[in-house]
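Single-letter residue listing:
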Amino acid sequence: MEAHMLLQSQRGSVTNLRSATRLRSVTNGKMTRRECSSMNVKSVLRRPSAATTASSISIIPDTIISSTAPSSTTVYTDSWFDRIAIHYLSRCIQLITGMKNEKTGYEGLVEAAAALHRSSNGNIDHQQGLVLQALNKAFPKPIHSFVRNSIPQSQFKRELFAKFTTLFCVWLVGRSEIKESEVEGRKEKNVVHIKKCRFLEESKCVGMCVNLCKMPSQKFIKDSLGMPVNMVPNFEDMSCEMIFGQEPPAPENDPAFRQPCYKFLCKSKQKHTSGCSTL
């Protein structure tokens, strides 16, 4: 009886040993789900290698810099309305100057403005006059009369112009926000702060900014729409402020006319070997 029990015990030990050996070989060849999950968690939590860290740094800051740093180019995703407006204004400038170009989108608009800038041979009055003609062609006279005469000069009208600019002119000047200023002792939301002017960023030319945008726009908005506006560009960060209701200074007193062009960035100088006609 004792011999029989001893034999059964030895058989049980052999069976357990085989089971353990089989389990060990299986787990060595193929991890269980729990072990696999644990390994995945550990691999995620493990510190990245030097190569991984370097690649992360090269991607993430570029994304941030591209939308904030003045030295980078802002990327715009134009809607169907934006594309129509850009094409329409570009077409108006080309019809006025008689100089066509095959470029599309905002690049085509800037090229049309640059062609006008080059063709004037430094005559800034001629430049501004052609832009005014293009703006008057783009906005029919009935619209001028309605905007100029329907609403009297008031805080409401100044703030309405500021709101309209921030909502509907992103395609032309870039993203903007409304700020306050003091008018006759009262706070008004009549200032549009353009964070980075799209036209200046694309043209990189002070002469084009002043003579094809600032001066003709000030005159058009006042004479055709009945709203004085002072446009104050900042050539350091390419921002600009449009102060509705404020008369601009005379050109001889305007700091924008004493600003030299970008020495290494100006596309007009680089591509056409001609100086910018700021004054």
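All of these numbers come straight from a predicted model, not from anything done at the bench. (Residues numbered from 1 in each chain as written. Predicted model: local features only at pLDDT ≥ 70, side-chain atom pairs only at ≥ 80, totals over all residues. Heavy atoms only, no water.)

*Asks:* I'd like a rundown of the side chain of arginine 198, residues and numbers included.
*Replies:* Considering the arrangement of structural elements, one finds arginine 198 in helix H10 (residues 198–203). Looking at arginine 198, the relative accessible area reads 7%, which means it is buried. Sequence-distant contacts of arginine 198, defined by excluding residues within four places in its chain, comprise Tyr76, Asp78, Ile86, Tyr106, Val170, Trp171, Leu172, Val173 and Gly174. (Helix = DSSP H or I, 4+ residues; strand = E, 2+ residues; numbered from the N terminus. Buried < 20%, exposed > 50% of the residue type's maximum accessible area, 1.4 Å probe, protein only. Contact = heavy atoms within 4.5 Å.)

*Asks:* Before we move on, could you go through the pairing of strand S2 (residues 186–194) and cite the residues and values that matter?
*Replies:* With 7 bridges connecting them, strand S1 (residues 176–183) and S2 associate as antiparallel partners. The residue bridging serine 181 from the neighbouring strand is glutamate 188, located in S2. From the end of S1 to the start of S2, which pair antiparallel, there are 2 residues, and glutamate 184 there has a positive phi angle of about 55 degrees. The sheet contact formed by S2 and strand S4 (residues 239–244) spans 4 bridges and is antiparallel. In the strand pairing of S4, valine 191 is matched with isoleucine 243. (Pairing = 2+ DSSP bridges.)

*Asks:* How would you explain unusual backbone geometry if you had to name every residue and give the values?
*Replies:* The phi dihedral of glutamate 184 is positive, around 55 degrees, even though this residue is not glycine. Structurally, glutamate 184 is set in the loop between S1 and S2.

*Asks:* Could you give an account of the pattern of salt bridges, naming the residues involved and the relevant values?
*Replies:* Applying the stated criterion across every chain, the model contains 9 salt bridges. The residue lysine 103 makes a salt bridge to glutamate 107 at a minimum N-O spacing of 3.6 Å. For glutamate 107, a relative accessible area of 44% puts it in the partly exposed group. Taking the shortest distance from any N to any O, the salt bridge between lysine 103 and glutamate 111 comes out at 3.7 Å. Linked through salt bridges whose partners overlap, the residues forming this network are Lys103, Glu107, Glu111 and Arg118. (Salt bridge = Lys/Arg side-chain N within 4 Å of Asp/Glu carboxyl O.)

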